[in-house]
Amino acid sequence: MHALILALAAMVIPVHGTVVGAGPNGTTIVRTDTVTATLPAQTRAFNVEPHITANAGTGVDAFLDRSHATWKLYDAHIAARFEPGLPETGKVFPIDYGSTLPHTSLVDQSGRLVDLATSFRGRVVLLAFIFTRCPDKDVCPTVSAKFAALSHQLDPKRFHLVEISLDPAYDSPAVLAQYAAHFGARGGMWSILTGQQQEVQHILDRFGISSLRVSDEAFLHNEKIFVTAPDGKVADIVQTAGFAPGALAAQAQHIAGLGSNPLERWKLAIVASAVALCGGSQFAGVVLLETVIFLIIAVLSFVTLGWVARKIWKRA
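Report on the accompanying structure.

The rules behind each value
- Residues numbered from 1 in each chain as written.
- Predicted model: local features only at pLDDT ≥ 70, side-chain atom pairs only at ≥ 80, totals over all residues.
- Heavy atoms only, no water.
- Core = buried A, V, L, I, M, F, W, Y, C linked by side-chain atoms within 4.5 Å.
- Buried < 20%, exposed > 50% of the residue type's maximum accessible area, 1.4 Å probe, protein only.
- Helix = DSSP H or I, 4+ residues; strand = E, 2+ residues; numbered from the N terminus.
- Contact = heavy atoms within 4.5 Å.
- Pairing = 2+ DSSP bridges.
- Axes fitted to C-alpha atoms, helices over the stretch in contact; angles between N-to-C directions.

1. Comments concerning the nonpolar core
Part 1 of the argument: Judged by nonpolar contacts, the single largest core of 59 residues is most densely connected at Leu126, Leu127, Phe129 and Phe207.
Part 2 of the argument: When residues in this core are grouped by element, the largest group, 7 residues, is from strand β8 (residues 124-130).
Part 3 of the argument: Those residues in contact with Phe129, other than ones at most four positions away along the chain, are Ile164, Leu166, Ile203, Leu204, Phe207, Ile209, His221, Lys224 and Phe226.

2. A few points about the sheet that holds β8
Part 1 of the argument: A sheet is described by the order of its strands in space; here 5 strands give the open sequence β10-β9-β8-β13-β14, paired in mixed fashion. Looking along the sheet, the strands with just one partner apiece sit at the ends: β10 (190-193) and β14 (234-238). Each adjacent strand pair in this sheet contributes to an overall mean axis angle of 20 degrees, direction not counted.
Part 2 of the argument: With 3 bridges connecting them, β8 and strand β13 (residues 225-228) associate as antiparallel partners. Note that in β13 the partner of Leu127 across the bridge is Phe226.
Part 3 of the argument: On top of the sheet, helix α4 (residues 197-207) reaches β8, β9 (159-165) and β13; it is set at about 110 degrees to β8, its chief contact.

3. Section: the sheet that holds strand β3 (residues 42-49)
Part 1 of the argument: Read around the barrel, 5 strands follow the order β1-β2-β3-β5-β4 and close on themselves; strand pairing throughout is mixed. Across the sheet, the mean angle from the axis of one strand to that of its neighbour is 55 degrees, orientation sign disregarded.
Part 2 of the argument: With 3 bridges connecting them, β3 and strand β5 (residues 72-78) associate as parallel partners. Bridge assignment links Val48 to a residue of β5, and that residue is Leu73.

Here it is in structure tokens:
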């Protein structure tokens, strides 16, 4: 237990709080929200860096440092509490084909800071968005299970898996550590990330990820898998979670410049195209794909039977 407490204390912890007022010795009194599985909501005096001059009631995002007698909030800035919704793509430079992953400070399941733009440079990155409380087993848990399969198919020296939580108010590093352990995520191969609430909101806007609240604990969100080349630029965007791990592995290996199965890559492209054609519905896309394949087989069979019939007729 003592080791666990030390480990949690060493974590980089994103927090959101509300300014209460000025404290003694240049400190600021802030009421911080609950950090799930780590800290309860509390009001206390913090050293805030950089210093913020703000009225009582102002929201603040920061990273919490508990290594000093007076706890410190660093990288602090005025920010509203995270609110799920549609991405505001008009306010940002959207991430698309050829875009470079943005510089942003996030925190992985071990409580370590990660720069999305540079921490995985030199490897092909497969990036998805999930949240740990997702009630739909066909979405986030399925994506994570497929990533677990990918972690055994791909070389960690050349590939890295990334999942970013779209629920930063709940998904603390401690929660992500439990989620990672459930799926067998290895830190050297697979990073599950959270961050300051407004920074996560900015990322969702840039990647075009919606997160519509359907209950206190659940969001309805779109499904995209971004695949970046070793230079950090987006090389492919898969618009569905309905991919087969082998097909995505083949595409990632192709992007890495390695030999891969072209049939598997074709299957990935066909499934993604069918889903996109059906307005993002994975079920409808798969049904459409199966229908098209059935029709192709039927046409080929009809043509083959016709050819055989003509051969038999000529011989007769």
